[in-house]
Number of protein chains: 2
Amino acid sequence: MVNEYKVRWILANEFQLIDDCFKPLSAGLSQDEIGIGDDGAVLDVPVGKQLVVVTDTLVKGVHFPGDAKAYDIAWKAVAVNLSDLAAMGAIPAFFSLALTLPDNDSDWLKEFSAGLKAIAEQYDIKLIGGDTTKGPLTITVTAQGWVDKQQAVLRSTAQPGDLVCVSNTIGDAAVGLKIALNTMSAEVLQALSAEQQSLLLKALHCPQPQVFIADLIKDYASSAIDISDGLLADLNHIIEQSSVKSAMPLQAVIEVADIPLSDALKNYVKASDDWSPVLYGGDDYQLCFTAQKDDFAEMDSVAELLGVKLTVIGEVGLAAESQQSKIQLKLNAKPFQVDKVGGYLHFS
Amino acid sequence: MVNEYKVRWILANEFQLIDDCFKPLSAGLSQDEIGIGDDGAVLDVPVGKQLVVVTDTLVKGVHFPGDAKAYDIAWKAVAVNLSDLAAMGAIPAFFSLALTLPDNDSDWLKEFSAGLKAIAEQYDIKLIGGDTTKGPLTITVTAQGWVDKQQAVLRSTAQPGDLVCVSNTIGDAAVGLKIALNTMSAEVLQALSAEQQSLLLKALHCPQPQVFIADLIKDYASSAIDISDGLLADLNHIIEQSSVKSAMPLQAVIEVADIPLSDALKNYVKASDDWSPVLYGGDDYQLCFTAQKDDFAEMDSVAELLGVKLTVIGEVGLAAESQQSKIQLKLNAKPFQVDKVGGYLHFS
């Protein structure tokens with residue numbers, strides 16, 4: 001759409017820009033599919049599947065700092081969506097991009113499209129279209145995936161007795177953010193090697209969505225969510241929504257010492273005695289899921305073949321009626337008190 | 001996703017806000033479909049159909065003025081997407097909303113969700129999810145629809161001898177914009193009754209996407225586009241893309257006097273002798289399409305039953321090799337010269 005409010009430079013250049021930067025990312029659609037260049041994209045629907053749709057927006061100064069690299073912004077804008085698809089057990093197929101840009105900086109666009117290309121190739125997804133507008137830097141990606149009919153994994157289907165599990169390691173991005181924002185004491189920072197700092201920053205800027213275990217989640221998990229708001233906040237969604245659906249007062253008992261940490265995070269926690277990036281940190285884009293005890297060993301062995309570490313961190317049970325918090329934390333089997341249970345919802 | 005850049009108020013209120021305002025718009029999904037409230041939406045796929053995906057962004061101060069009503073912004077954000085679907089002959093089914101808001105104004109949100117509700121009910125589409133973030137007011141809607149396999153109508157399939165047609169009337173929104181921006185001379189404004197001014201403003205703020213003739217477009221049109229950038233600019237896309245695909249130098253010859261105008265636009269053109277809102281105006285969200293001569297009468301009679309007026313405004317032919325412009329304009333059969341052929345691309 002265009003009217004007199006729309007600044008024309010971007011329109012005048014939009015078609016060329018799309019051709020140069022984005023159209024190559026549309027390659028590989030089947031013969032009767034349509035990608036970029038028409039009013040919309042036309043896509044084939046696999047037999048026996050349901051469509052899964054996710055959408056996430058990144059705003060400059062809110063979700064990434066003003067000096068973030070265009071490559072990283074593009075990567076993350078797609079990654080956070082693939083993470084949502086993986087949490088549902090869906091295999092990603094396509095994405096569209098709504099890009100609002102303050103100016104027509106071709107170097108920035110080239111770097112941005114390189115980031116898009118990298119993640120699109122890594123996870124074999126096609127860019128099917130989008131919209132380029134002028135305004136404050138904002139990126140909305142909508143991604144589509146497919147899941148076997150009625151096999152999508154929900155947040156609301158955990159059962160008493162299920163194990164609570166996570167993929168890989170937790171808290172890296174949150175400590176990476178402390179490094180990026182320079183809010184870590186020199187003493188704690190010293191506990192991290194240069195290589196570790198670099199890995200933590202990478203976890204923050206270029207998260208790896210757990211696409212490769214989406215099928216495993218679909219086959220084995222009883223419920224799942226991706227960890228974007230923080231481990232406890234997201235686990236809380238599982239417990240609350242499953243309590244409502246099962247009409248049982250569920251709780252999760254978590255052993256904090258079992259939460260898998262990278263070497264960098266082990267050093268951080270040892271030096272700072274601060275568990276908050278692990279429990280409330282956000283931006284992990286790992287999966288938190290529940291699974292029946294009998295299923296976990298087989299699931300874990302397949303994940304290992306895929307290069308993904310799964311760890312049991314607790315168990316779902318029935319909560320006492322008087323119990324306020326739905327998540328009971330223990331550290332080395334003793335009750336662990338924190339003043340921020342519930343994650344970001346209690347930060348304000 | 002959340003990190004320390006994210007302002008927390010919106011997260012703290014997001015779930016309540018979504019429940020209150022947006023969740024009712026998700027009602028009516030089938031039993032094994034999932035709407036708002038999980039990582040993504042899960043949707044049934046009709047047999048024999050292809051998926052059509054469109055996306056459009058509206059930015060405050062670019063696509064609508066700062067004082068635009070929240071109801072109108074919501075309506076238009078969805079309408080422009082439904083218009084793209086209709087141009088492809090697709091029937092809309094779902095939409096997701098990425099809403100970036102500067103503050104947590106519940107009155108604004110209520111008005112906005114009323115606009116969403118109105119258009120969702122009018123065209124029988126479900127809100128399936130989205131993302132709410134803090135930042136400068138920006139709305140991205142992604143809409144999904146279905147079309148019979150390999151029946152999507154493209155821009156690139158016009159043929160020599162096809163008629164060039166449009167739906168309803170052209171130029172109303174562009175003159176509405178002149179009224180909204182107060183850029184019309186008092187003399188010309190006087191030529192428009194109060195009721196006509198109100199209709200033109202409505203065409204600008206609450207455009208009616210041509211959803212109801214999408215099936216007709218699919219069955220009869222040889223190519224189609226929705227008029228968002230201006231009649232000539234959009235028709236030019238059809239001619240250029242069809243020239244490339246057919247490997248023939250196509251042109252369109254348009255009789256300007258045949259372009260259907262509302263009574264308000266007739267008064268405007270008579271008083272101002274200014275055809276530019278009709279030819280380059282943009283924001284019409286009518287359909288411009290081509291059809292074989294033998295098909296038009298039947299198509300037109302069905303459209304009439306649906307309350308939509310179709311008008312032939314010209315014909316596709318072969319261009320002379322020396323010919324620069326792909327669109328030849330005539331007014332009452334005489335060559336009509338304008339200095340803005342190509343629409344907004346030439347305004348800058």
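Criteria and thresholds
Residues numbered from 1 in each chain as written. Chains lettered and ligands numbered in written order. Predicted model: local features only at pLDDT ≥ 70, side-chain atom pairs only at ≥ 80, totals over all residues. Heavy atoms only, no water. Helix = DSSP H or I, 4+ residues; strand = E, 2+ residues; numbered from the N terminus. Rg over C-alpha atoms; globule rule 2.2 N^0.38 Å. Buried < 20%, exposed > 50% of the residue type's maximum accessible area, 1.4 Å probe, protein only. Contact = heavy atoms within 4.5 Å. Lys, Arg positive; Asp, Glu negative; His and termini not counted. Charge placed at Lys NZ, Arg CZ, Asp CG, Glu CD. Least-squares fit on C-alpha atoms with pLDDT ≥ 70 in both. Buried area = accessible area lost by both parts, 1.4 Å probe. Salt bridge = Lys/Arg side-chain N within 4 Å of Asp/Glu carboxyl O. Polar contact = N/O pair within 3.5 Å; in protein donor to acceptor, adjacent residues only side chain to side chain. Nonpolar A, V, L, I, M, F, W, Y, C, P; charged D, E, K, R; others polar. Pairing = 2+ DSSP bridges. Axes fitted to C-alpha atoms, helices over the stretch in contact; angles between N-to-C directions. Left-handed = near helix turned anticlockwise from the far one by under 90°.

Trainee: Mind showing me how you'd approach the overall build of chain A here?
Mentor: Along the backbone of chain A there are 11 helices and 12 strands. Over its C-alpha trace chain A gives a radius of gyration of 21 Å, about what one expects of a compact globule, namely 20 Å for 348 residues. Projected onto its principal axes, the C-alpha positions of chain A cover 65 × 55 × 40 Å. Relative to its 348 residues, chain A shows a buried fraction of 62%. Put simply, of all contacts in chain A between residues at least 6 apart along the chain, 85% involve residues at least 24 apart. Here chain A contributes 25 positive and 46 negative side-chain charges, whose respective centroids are spaced 2 Å apart.

Trainee: Just to check I follow, could you spell out the relation of the copies chain A and chain B for this structure?
Mentor: Related by rotation about an axis and a shift along that axis, the two copies of the chain form a pair. Once chain A has been moved 0.0 Å along the axis and rotated by 180 degrees, it coincides with chain B to within an RMSD of 0.0 Å. Here the transformation between the copies is reduced to the relation of a two-fold axis.

Trainee: Please explain unusual backbone geometry as it appears in this structure.
Mentor: The bulk of non-glycine residues show a negative phi, and the bulk of peptide bonds are trans. Residue and element names in this part refer to chain B. Residue aspartate 124 is not a glycine yet carries a positive backbone phi of 55 degrees. Inspection of the secondary structure assignment puts aspartate 124 in the loop between α3 (106-122) and β4 (126-134). Here aspartate 283, not a glycine, exhibits a phi torsion of approximately 65 degrees, which is positive. Along the chain, the position of aspartate 283 falls in the loop between α10 (276-280) and β9 (287-291). Judged by relative accessible area, aspartate 283 falls into the buried class, the value being 1%.

Trainee: When you look at helix α11 (residues 293-305) of chain B in this model, what are you seeing that I'm missing?
Mentor: Side chains that are three or four residues apart share a direction in an α-helix, a result of its 3.6 residues per turn. Residue and element names in this part refer to chain B. Those residues of α11 that fall on the buried side of the exposure criterion are Phe296, Met299 and Ala303. Contacts made by the buried residues of α11 are with β6 (163-167), α7 (214-220), β7 (221-226), β9 and β10 (310-318). Remark: glycine 307 follows α11 within two positions and exhibits a positive phi of approximately 80 degrees.

Trainee: When you look at the interface of chain A and chain B in this model, what are you seeing that I'm missing?
Mentor: Note on interface size: it is often stated as the accessible area lost on association of the parts. The partner chain B presents 84 residues to the 83 residues of chain A that form the contact. Where chain A abuts chain B, roughly 7000 Å² becomes buried across the two surfaces, and 59% of that area is made up of carbon and sulfur atoms. The tally of links between chain A and chain B comes to 6 salt bridges. For the salt bridge of lysine 149 of chain A with aspartate 44 of chain B, the shortest nitrogen-to-oxygen distance reads 3.1 Å. Our count for the contact surface shared by chain A and chain B stands at 15 residue pairs in polar contact (both at pLDDT 80 or more). The leading source of residues in the side of chain A that touches chain B is strand β2 (residues 49-59) of chain A, at 11 residues. Looking at the side of chain A that touches chain B residue by residue, the class counts come to 41 nonpolar, 24 polar and 18 charged. Alignment of β2 of chain A against strand β1 (residues 41-43) of chain B, held across 3 bridges, turns out to be antiparallel. The residue of β1 of chain B that forms the bridge with valine 53 of chain A is alanine 41 of chain B.

Trainee: Whenever I open this one, the packing of helix α2 (residues 70-87) of chain B against α3 of chain B confuses me. Can you help?
Mentor: The geometry of a pair of packed helices is captured by two quantities: the angle between their axes and the separation between those axes. Residues and elements named next belong to chain B. As a packed pair, α2 and α3 sit with axes 7 Å apart at the nearest point and diverge in direction by 35 degrees. In this structure, α2 crosses over α3, and the sense of that crossing is right-handed. Judged by residue contacts, Ala70, Tyr71, Ile73, Ala74, Trp75, Val78, Ala79 and Leu82 of α2 engage Trp108, Glu111, Phe112, Ala114, Gly115, Leu116, Ala118, Ile119 and Gln122 from α3. Among the residues making up the contact of α2 with α3, the classes are represented as 14 nonpolar, 2 polar and 1 charged.

Trainee: Would you mind going over the environment of threonine 133 of chain A with me for this structure?
Mentor: Residue and element names in this part refer to chain A. Secondary-structure assignment places threonine 133 in strand β4 (residues 126-134). Classification of threonine 133 as buried rests on a relative accessible area of 0%. One polar contact links threonine 133 to threonine 100, side chain to side chain, over a distance of 2.9 Å.

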